[in-house]
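So the chains spell out like this:
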Amino acid sequence: RALVPGLLLVCSWTLLLTNSAFQNYPNLYNYLVKRPATGLCLMNNPQDICGLSEADRQTIEEVASVTALMKVWQSQGKTVAIFDDQDALFYLITNSYPWFRYRPGEVFTTKQLTYIHDQIVNKRPDYVLIRNDDKVKNDVMSKTLLLVSQLYQQKETIGVYEAWSL
């Protein structure tokens, strides 16, 4: 009877350590026990967000190209505004902070859109990265892209992302 709590603890730890969700989640165990990354990695220095398939290679290459460009701008002391629901990923990889937090999927009112456009006009980031593909075609993105095109020059296109500069 005294062994029951101990056996339950051992069983719990065994189930936890063999659970694939636990193995891939950042935790003390993964910090202490380094396992080689499997699959493709979204971040390479340090290696993180791994286990992606070959089908994700194009996305990985786009992210690498966008973040390389952002690092160049960052080294020049330039500000970058990203208009995409995945902006946090780019800020994480480049170890930078958001110029202004804007997520197209969370803008629901004209007042919100006006506020965002006022930020672009009044604070003028040096560069704007905006996602421009069929997945995000909506009034918010169309109006924001129109405003950006009136204030900035398109510098280049990287996959679904357009880079604009003053």
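Here we summarise the structure given alongside this text. Everything numeric here is computed off the predicted structure, so don't read it as measured data.

Rules used throughout
- Residues numbered from 1 in each chain as written.
- Predicted model: local features only at pLDDT ≥ 70, side-chain atom pairs only at ≥ 80, totals over all residues.
- Heavy atoms only, no water.
- Helix = DSSP H or I, 4+ residues; strand = E, 2+ residues; numbered from the N terminus.
- Buried < 20%, exposed > 50% of the residue type's maximum accessible area, 1.4 Å probe, protein only.
- Salt bridge = Lys/Arg side-chain N within 4 Å of Asp/Glu carboxyl O.
- 1 Å grid on protein atoms, 1.4 Å probe; cavity = no way out; pocket = protein on both sides within 12 Å on 5 of 7 lines; lining within 4 Å.
- Points joined across faces, edges and corners; volume = space filled by probe spheres on them.
- Nonpolar A, V, L, I, M, F, W, Y, C, P; charged D, E, K, R; others polar.
- Pairing = 2+ DSSP bridges.
- Axes fitted to C-alpha atoms, helices over the stretch in contact; angles between N-to-C directions.
- Contact = heavy atoms within 4.5 Å.
- Polar contact = N/O pair within 3.5 Å; in protein donor to acceptor, adjacent residues only side chain to side chain.

## Considering the overall build of the protein chain
Then, in step 1: A tally of helices and strands in the protein chain yields 7 helices and 6 strands.
Then, in step 2: Listed by position from the N terminus, the elements making up the protein chain come as α-α-α-β-β-α-β-α-α-β-α-β-β.
Then, in step 3: Split into buried and exposed, the 166 residues of the protein chain put 34% on the buried side.

## Some words on the pattern of salt bridges
Then, in step 1: In total, this model carries 2 salt bridges according to the counting rule given.
Then, in step 2: Across the salt bridge formed by Arg57 and Glu54, the nearest N and O atoms sit 2.5 Å from each other.
Then, in step 3: Taking relative accessible area as the criterion, Arg57 reaches 35% and is therefore assigned partly exposed.

## Remarks on the layout of surface pockets
Then, in step 1: Empty space within the second largest pocket amounts to approximately 260 Å³.
Then, in step 2: Taken together, 17 residues make up the lining of the second largest pocket; nearest its centre are Thr59, Glu62, Val63, Arg131 and Tyr161.
Then, in step 3: For the lining of the second largest pocket, the secondary-structure elements that each account for two or more residues are β2 (47-52), α4 (57-75) and α5 (87-94).
Then, in step 4: Looking at the lining of the second largest pocket element by element, the count peaks at 5 residues for α4.
Then, in step 5: Tallied by class, the residues present in the lining of the second largest pocket amount to 9 nonpolar, 3 polar and 5 charged.

## Observations regarding the sheet that holds strand β5 (residues 153-158)
Then, in step 1: As summarised here, the arrangement of the 4 strands in space is β3-β4-β6-β5, forming an open sheet in which the pairing is mixed. Looking at which strands have only one partner, the edges of the open sheet turn out to be β3 (80-83) and β5. The mean angle between the axes of side-by-side strands here comes to 20°, regardless of whether they run parallel or antiparallel.
Then, in step 2: Two elements, β3 and strand β4 (residues 127-131), share 4 bridges in a ladder whose sense is parallel. The partner of Ala81 across the bridge, within β4, is Val128.
Then, in step 3: Packing of α4 onto the sheet brings it into contact with β3, β4, β5 and β6 (161-165), and relative to β5 it is tilted by some 140°.

## Some thoughts on the side chain of Arg131
Then, in step 1: Along the polypeptide, Arg131 turns up in strand β4.
Then, in step 2: By relative accessible area, which is 16% here, Arg131 ends up buried.
Then, in step 3: Here the side chain of Arg131 touches Tyr161 through a polar contact of 3.0 Å, side chain to side chain.

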